[in-house]
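What the coordinates show
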Amino acid sequence: MQFSTITEEQYRSMADEELEQRRADLVAVTDDPGDVDAQDVADETRRCVAEFERRNRAGQLRALKVDAVRSGAGVVVERRDFSGAAAPEAAADPHDTPEYRRAFMDYCRRGVEFRSDDTGTVITGPTVSTGVPPQVPTTMQRQIVQKMETYGVIWNEVTKIAVQGGVWFRVLDISPTASWLQENNVSAYQGVSNDAKVSFSFFELECRMSQSLLAQAVTFDDFQALFVPAVAKAMVKAIEQAIMRGNGTSQPLGILNDTRVTTLNGKADPRTAAVVEMTPEDFASWKKWRTNFKAKVPSAYRTGKLYMAYSTFDCYVETMSDDQNAPVSVGYNPVTGEEQARLCGFPVEKVEPDVLPDFDTAKAGDVVAVYGDMSKYYVNTQPGMPLSTTRWVDHDTNTEKVKSIVSLDGKVLDPYGFILIKKKASTASSGSKA
């Protein structure tokens, strides 16, 4: 196989299509190296990945500059005519002008087709088929992301990134760790090896709503007040379900279906994830939680949280008490008075039963609680998380609906710190909650 190395300057001069082709060539030579020197391939791969990362950072920097302009902190650009008179003018976001926002609202409410040119000027009239659905106005888009942070439990804790889709990255390049330069071996508690790699795809998540809901709005503020929370709630609910139990084929790969989490159990290696099986009697016993669960959490991964359904926590954990009948799992913030749920010293986050099932309704073998550090789960989106919107007809109900679509992917980068807690059939002969 013919293979030749190229310099960083040559990589920078490549068009995007040429860079993608180069990546494909490197993948091919990695799979079938022939007589090619392995070190040359490794060095070349690092240069290729570095160029993808450089271009991605440049795109993120441009997005930050656009956000600065929108917030009033952008650099004012002076435009002069031939007479020498200065005309200060700040760059405007074409997807956030009053005309664009009004046109977008009319499109969602009444199906009025529109498009905008490169300067942001809205062009009305006959439908122009460009193949690109209208983008949600930038202000609304930012509000949706902010609302998702408010509504989300798991979503708030995962790591959000924006890297090139379809490219393999070393896990340690995305989620670095510190080590002494003189020591080349990996610590037994480090978890992810130096050669572990990860690649992200893009799955489309759509949020559908009835046109009749949006038709109630008269002003753009009314429309925004209806549109933003409806989309944010639906999106964060679907994303959190995928983070926990996504299939990895039509949606992001969830923790419960990641073979790196589920197939590493039972080994003596302290880095590996674990599965803990607990009967109803065990689940309600503070001592069993200490011996069956906490004793199996490696010291390097004791920064995580426990996640379980509200009803599971209320029925089994919150009812635990000591010899004086004092609760052992719930405390209160001395300043705010808010309830602070903890178990075995770890914080507890309560989730909806469509994310993790209730213990009583779950079957034997179902995962009813998960322990881990959710910052080790990475969600990859396009910079700014842009949403597109389109109208469609639901022929089953003969109603017109609006759907917003966002592209993203996600997966665990470090699987070693997650522990899956499964329901086990009761060992009691009678009086069991199972």
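Look above for the structure.
Scoring rules and cut-offs
- Residue positions are counted from 1 within each chain, in the order its sequence is given.
- Per-residue local features of the predicted model are confined to residues with pLDDT of at least 70, and side-chain atom pairs are confined, for both listing and counting, to 80 or more; whole-chain, interface and lining totals are unaffected and use all residues.
- In computing side-chain values, all of the structure's heavy atoms are included and hydrogens and water are not.
- A run of DSSP states H or I qualifies as a helix once it reaches four residues; a run of E qualifies as a strand once it reaches two. Both are numbered from the N-terminal end.
- The criterion used for residue contact is that any of the two residues' heavy atoms lie within 4.5 Å.
- Accessible surface is estimated by sampling points in the Shrake-Rupley manner with a 1.4 Å probe; for residues, cover comes only from the protein chains shown.
- What is meant by a nonpolar core is a set of buried Ala, Val, Leu, Ile, Met, Phe, Trp, Tyr and Cys residues, joined one to another through side-chain atoms within 4.5 Å.
- Exposed residues in this analysis have more than 50% of their type's maximum accessible area, buried residues have under 20%, and partly exposed residues fall in between, with area computed by a 1.4 Å probe over protein chains only.
- One speaks of a salt bridge when a side-chain nitrogen belonging to Lys or Arg is within 4 Å of a carboxyl oxygen belonging to Asp or Glu.
- Only centres within 6.5 Å qualify two rings of Phe, Tyr or Trp (six-membered ring in Trp) as a pair; their planes then separate them into stacked at under 30 degrees, edge-to-face at over 60, and tilted for everything else.
- The distinction between a cavity and a pocket rests on a 1 Å grid over the protein atoms alone: a 1.4 Å probe fits inside a cavity but cannot get out, while a pocket stays open yet meets protein on both sides within 12 Å along at least five of seven lines, and a residue with an atom within 4 Å of a point counts as lining.
- Grid points are joined across faces, edges and corners, and a volume is the space filled by probe spheres set on the points.
- Polar here means any residue other than Ala, Val, Leu, Ile, Met, Phe, Trp, Tyr, Cys and Pro, which are nonpolar, and Asp, Glu, Lys and Arg, which are charged; Gly is therefore polar.
- A 3.5 Å cut-off defines polar contacts: any pair of N or O atoms within that distance qualifies, except that in protein one atom must be a possible hydrogen donor and the other a possible acceptor, and neighbouring residues in sequence count only when both atoms are side-chain atoms.

Summing up its helical and strand segments, the protein has 12 helices and 18 strands in all. Contacts spanning at least 24 positions in sequence make up 73% of the contacts within the protein whose residues lie at least 6 apart. Looking at the protein as shown, the accessible area adds up to about 23500 Å², and 50% of this sits on carbon and sulfur atoms.

Let's shift gears to the nonpolar core. Among soluble globular proteins, nonpolar side chains are generally buried collectively. Phe223, Phe227 and Met235 are the most contacted members of the largest nonpolar core, which totals 50 residues. Ranked by the residues each element gives to this core, the list is headed by helix α8 (residues 220-245), at 11 residues. When near neighbours in sequence (up to four residues on either side) are disregarded, Phe227 contacts Phe104, Cys108, Val136, Met140, Ile144, Met209, Leu214, Thr389 and Ser404. Core analysis: the second largest hydrophobic core is formed by 25 residues, Met278, Cys344, Phe359 and Ile421 among them.

Moving on: the pattern of salt bridges. Side chains carrying opposite charge are able to pair once their charged atoms draw close together. Inspection of the entire model under this criterion finds 11 salt bridges. For Glu157, the salt bridge identified is with Lys305, shortest N-O distance 2.6 Å. With a gap of 148 residues between them, Glu157 in the loop between α5 (138-151) and β5 (159-161) and Lys305 in strand β10 (residues 305-309) connect regions that are remote in the sequence. Asp258 serves as the salt-bridge partner of Arg260, at 2.6 Å between the closest nitrogen and oxygen. By relative accessible area, Asp258 is classed as buried at 2%. The network of salt bridges with shared partners includes Arg22, Glu44 and Arg47.

Attention shifts here to the packing of aromatic side chains. As enumerated under the stated definition, the model contains 12 aromatic pairs in all. Look at Phe283 and Tyr316: their rings are 5.8 Å apart centre to centre, the planes differ by 85 degrees, and that puts the pair in the edge-to-face class. Separated by 33 residues along the polypeptide, Phe283 in helix α10 (residues 280-283) and Tyr316 in helix α12 (residues 310-317) bring together distant segments of the chain. Since its relative accessible area comes to 0%, Tyr316 is described here as buried.

The subject of this paragraph is empty space enclosed by the protein. Tallying each qualifying case throughout the model produces one cavity of 30 Å³ or more. Here the largest cavity defines a volume of roughly 30 Å³. Along the walls of the largest cavity sit Ile239, Ala242, Ile243, Pro252, Tyr377, Val379, Leu408, Asp409 and Gly410, which together make up its complete lining. Breaking the lining of the largest cavity down by element, the ones donating at least two residues are α8, β15 (377-381) and β17 (399-412). Taken together, the residues of the lining of the largest cavity break down into seven nonpolar, one polar and one charged.

A few words on the side chain of Thr279. In this fold, Thr279 is placed in the loop between β9 (274-278) and α10. Classification of Thr279 by relative accessible area gives buried; the value is 3%. A distance of 3.2 Å separates the side chain of Thr279 from the side chain of Glu281, its partner in a polar contact. Apart from residues lying up to four places away in sequence, Thr279 is in contact with Phe359, Lys424, Ala425, Ser426 and Thr427.

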